[in-house]
Amino acid sequence: MKRREFINSALTGGVLLLTGSRSVTPQAKLADARIEVLLDEPIGRIAPEIYGHFAEHLGGVVYDGMWVGENSKVPNIGGIRKELVEAMKKIKASVVRWPGGCFADSYNWRDGIGPRAQRPRRPNFWVDAPEWPKGAPDGPWKYDTNHFGTDEFLRFCQLSNTQPYLAANLRSLTPKDFYEWVDYCNSPAGTTTLAEQRAAAGQREPWKVRYWGVGNESWGCGGNFSADEYAVEYRRFAEWVPRYGMDLAFIGSGPNGGDLGWSRRFFGKLAEKGGFGKMWGWALHHYTWNASGGRTTDWYQGKGDAVNYPNDEWYELLSEANVMEKLITDHWAVMGEFDRQHRVKLVVDEWGAWYKPGSEVHPTHLLGQQSTIRDALIAGLTLDIFHRHADKVAMANVAQLINCLAALFLAHEDKFIVTPTYHVFEMYAAHQGAQSVRTNISSPRISYSRNSKPATLRGLNGSASLRDKQLTLTVTNPGLPGANPALETEIALHGATIKEVQVTSLTAKDIHAHNSFANPRSIEPQPAQATVKGGTLVYSFAPASVTKLQITLA
Ligand code: AHR
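Heads up: these notes are all about the structure in this document. (Residues numbered from 1 in each chain as written. Predicted model: local features only at pLDDT ≥ 70, side-chain atom pairs only at ≥ 80, totals over all residues. Heavy atoms only, no water.)

**A short note on the overall build of the protein chain**
The helix and strand tally for the protein chain stands at 11 helices and 26 strands. The C-alpha atoms of the protein chain give a radius of gyration of 23 Å, which matches the 24 Å a tight globule of 554 residues would have. Referenced to the eigenvectors of the C-alpha coordinate spread, the extents of the protein chain come out at roughly 70 × 55 × 45 Å. The buried share among the 554 residues of the protein chain stands at 61%. (Helix = DSSP H or I, 4+ residues; strand = E, 2+ residues; numbered from the N terminus. Rg over C-alpha atoms; globule rule 2.2 N^0.38 Å. Buried < 20%, exposed > 50% of the residue type's maximum accessible area, 1.4 Å probe, protein only.)

**Re the sheet that holds strand E19 (residues 461-467)**
Overall, mixed pairing links the 10 strands, which are arranged E23-E22-E26-E20-E19-E16-E1-E21-E25-E24 in an open sheet. Of all the strands in the sheet, the pair left with one neighbour each is strand E23 (526-528) and strand E24 (531-533). Direction aside, the axes of adjacent strands within the sheet are offset by 30° on average. Bridge analysis of strand E1 (residues 33-45) against strand E16 (residues 435-442) gives eight bridges, and the strand direction is antiparallel. Along E16, the bridge assignment pairs Arg45 with Gln435. Here helix H11 (residues 420-428) sits on the sheet and contacts strand E20 (470-477), strand E22 (498-507) and strand E26 (545-553); the angle it forms with E22, its principal contact strand, is near 170°. (Pairing = 2+ DSSP bridges. Axes fitted to C-alpha atoms, helices over the stretch in contact; angles between N-to-C directions. Contact = heavy atoms within 4.5 Å.)

**Considering the site of the ligand**
Close to the ligand lie 13 residues, the nearest being Glu56, Cys102, Glu217, Tyr287 and Glu350. One of the side-chain nitrogen or oxygen atoms of Asn216 is found 3.1 Å away from an oxygen atom of the ligand. Within the side chain of Gln400, one N or O atom sits 3.0 Å away from an oxygen atom of the ligand. Of the residues assigned to the shell around the ligand, the class counts are seven nonpolar, three polar and three charged. (Near = heavy atom within 4 Å. Polar contact = N/O pair within 3.5 Å; in protein donor to acceptor, adjacent residues only side chain to side chain. Nonpolar A, V, L, I, M, F, W, Y, C, P; charged D, E, K, R; others polar.)

**Re the pattern of salt bridges**
Going through the model one piece at a time under the given rule, you end up with 27 salt bridges. With its nearest N and O atoms 2.8 Å apart, the salt bridge here joins Arg34 to Glu490. One end of the pair, Arg34, is in strand E1; the other, Glu490, is in strand E21 (residues 487-494), and 456 residues separate them in sequence. The burial state of Arg34 is the same as that of Glu490; both residues are buried. A salt bridge links Lys326 to Asp330; its shortest N-O distance comes to 2.8 Å. With Lys326 and Asp330 both in helix H9 (residues 323-338) and four residues apart, this pair spans about one turn of that helix. Owing to a relative accessible area of 52%, Lys326 belongs among the exposed residues under this scheme. Through salt bridges with shared partners, one network takes in Glu70, Arg116, Arg119 and Glu152. (Salt bridge = Lys/Arg side-chain N within 4 Å of Asp/Glu carboxyl O.)

**Brief notes about the environment of Lys533**
The residue Lys533 is located in strand E24 in this model. For the pair Lys533 and Ala200, spaced 333 residues apart in the sequence, the C-alpha separation amounts to 65 Å.

**What about the sheet that holds strand E11 (residues 279-288)?**
Judged by pairing direction, the barrel is parallel, and its eight strands sit side by side in the order E2-E5-E8-E9-E10-E11-E12-E13 before closing back on the first. Along the sheet, successive strands turn relative to each other by an average axial angle of 25°, direction set aside. Here strand E8 (residues 163-168) pairs with strand E9 (residues 211-214) via four bridges, running parallel. When the bridges of E9 are listed, Ala167 appears paired with Gly213. Contacting E9, strand E10 (249-252) and E11, helix H6 (residues 227-238) runs over the sheet at an angle of about 165° to E10.

**Considering the packing of aromatic side chains**
The relative placement of two aromatic rings is captured by the distance of their centres and the angle of their planes. Taken as a whole, this structure holds 34 aromatic pairs when the rule is applied. Look at Phe266 and Phe267: their rings are 5.7 Å apart centre to centre, the planes differ by 75°, and that puts the pair in the edge-to-face class. On the basis of relative accessibility, which here comes to 0%, the residue Phe267 falls in the buried class. Arg97 extends its terminal NZ or CZ atom over the ring of Phe54, reaching a point 4.7 Å from the ring centre. Lys415 extends its terminal NZ or CZ atom over the ring of Phe517, reaching a point 5.6 Å from the ring centre. (Phe/Tyr/Trp six-rings, centres within 6.5 Å; stacked < 30°, edge-to-face > 60°. Lys NZ or Arg CZ within 6 Å of the ring centre and 35° of its normal.)

**A look at helix H8 (residues 311-321)**
Across the 11 residues that make up H8, a large majority, nine, are buried. Residues Glu313, Trp314, Tyr315, Glu316, Leu317, Leu318, Ser319, Glu320 and Ala321 constitute the buried set of H8.

**Thoughts on the state of the cysteines**
Summed over all chains, the structure comprises one disulfide. Between Cys102 and Cys221 runs a disulfide, and the two sulfur atoms are separated by 2.2 Å. With the S-S bond torsion at -85°, the cross-link from Cys102 to Cys221 turns out left-handed. Here Cys221 lies in the loop between E9 and H6 and Cys102 lies in the loop between strand E5 (95-98) and strand E6 (122-123), a separation of 119 residues in the sequence. Note on Cys157: no disulfide assigned, nearest cysteine sulfur contributed by Cys185 at a separation of 11 Å. For Cys157, a relative accessible area of 1% puts it in the buried group. Note on Cys185: relative accessible area 0%, which makes it buried. (Disulfide = S-S within 2.5 Å.)

**Details of helix H5 (residues 193-200)**
Within H5, the full set of buried residues consists of Leu194, Ala195 and Arg198. Looking straight down H5, one finds its buried side chains confined to an arc of 105°; they lie on one side. Opposite the buried face of H5, by more than 90 degrees, sit the exposed residues Thr193, Glu196 and Ala200. In the segment just after H5, Gly202 is the residue with positive phi, at about 105°. (Arc of directions from axis to C-beta.)

Coordinates in, geometry out; function isn't part of it.
Here it is as structure tokens:
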């Protein structure tokens, strides 16, 4: 669409995207797009926990990813990969969920404590995964050595300044096992027998774990329960655990994507007995994958390629990532039918893109995949959605941390690189803990073809937050280089004067661009220039870009 056409259709309302509550008449006289930052319309504090991660005993996440062992030639801190710890601190990673995922509901935490040499070897939940058609390669991803257990994970969190979020086994263990795990982690030094076992393992003081998941995907691998059945199980697990003076936060196993029935029936069942079972968060899972191959019931057929995708799949996947916004508002509305004061918040504890096998950096890395500039766009627009719903989303955990799905890190033995998604987390870290403020973004929709039929995709997408005099504005442009132009955009701040602006942009001309062991810095953020004209900021957002404008207010 040409600039003049956009202005005309924007004025007739055809392409105006309103992300805020206040309707603003588009004033894009000369620019392609316009962003209004409404500093006087706060949404909520952006919980740092939105910048959370997820680590499961799955392929190369734990073994080869986080854990290399004390005797490894790979630099490590007591067996934990040192470079990973340092990178986590750089991006101010906030929380890590462990040990699953589906693995969590087959895991006995007792297998992973005490002297490592005496820990049992167990078949990993993923041992028969169809992505390993010739069977799982030998190693701890097949028969878990349990060398990485509760204390190793909690040490990892301590080293990387992150909070732990432990997912308890509801399918194959009992409420007693759950509260004894809480006892092992949180009982004060010298009190219970489990506190003594913890001390014998080197940790006298309690680990003080606050976040506890009560099952995972209980509608599927976590027990295949109906929502009513799960509500009963949830109550049994959450009814009593020792709190040791802590404000424990229980997270219920919420819906698969848009399954509103799961949320409605679960909350309805809990409400029958009054209260919400001491629940703090309701977990939503949404993976972005590509339907262009045709969805099938097969576990992974129909997913697209991580790197070699046609133009249509670029648009299609970014369009699917946008679905997150509707999932949040829809489930929030259903939860509000029962929990009128919204005491329970949403926890999006699995999100990211999921592709078919083939781009993993090592055959042992089940569900491992490369990440391109497209994944950076998905990360940016998803985090922006979370910010715009900072009043609803209390935590989010990208799936997964390393060597799996939308990972921030890829590693094998002594090789270690960061993906474009890592750079987005680093750029966006300034939002953590800041006040999310409303933005109105008007920009042309992008036209493309879906299965030979015309389709459109939201254009610029973004969010803003304020901390003291620092305004952080982040924006993604999902346009395709060569097909869609850069968008010159007027950015108006209501109720503030600009003193200084620093721009950082992550972009690539090749939509398949990614980092690799051979070329680890192929994509990195670069500084860019904005101009200020008569109090209005003007910046040109390149197609296929994620941009941060760090604005100091006068
Ligand atoms: O992240 C991979 C798997 O996806 C998790 O184990 C499960 O919870 C989800 O289905």
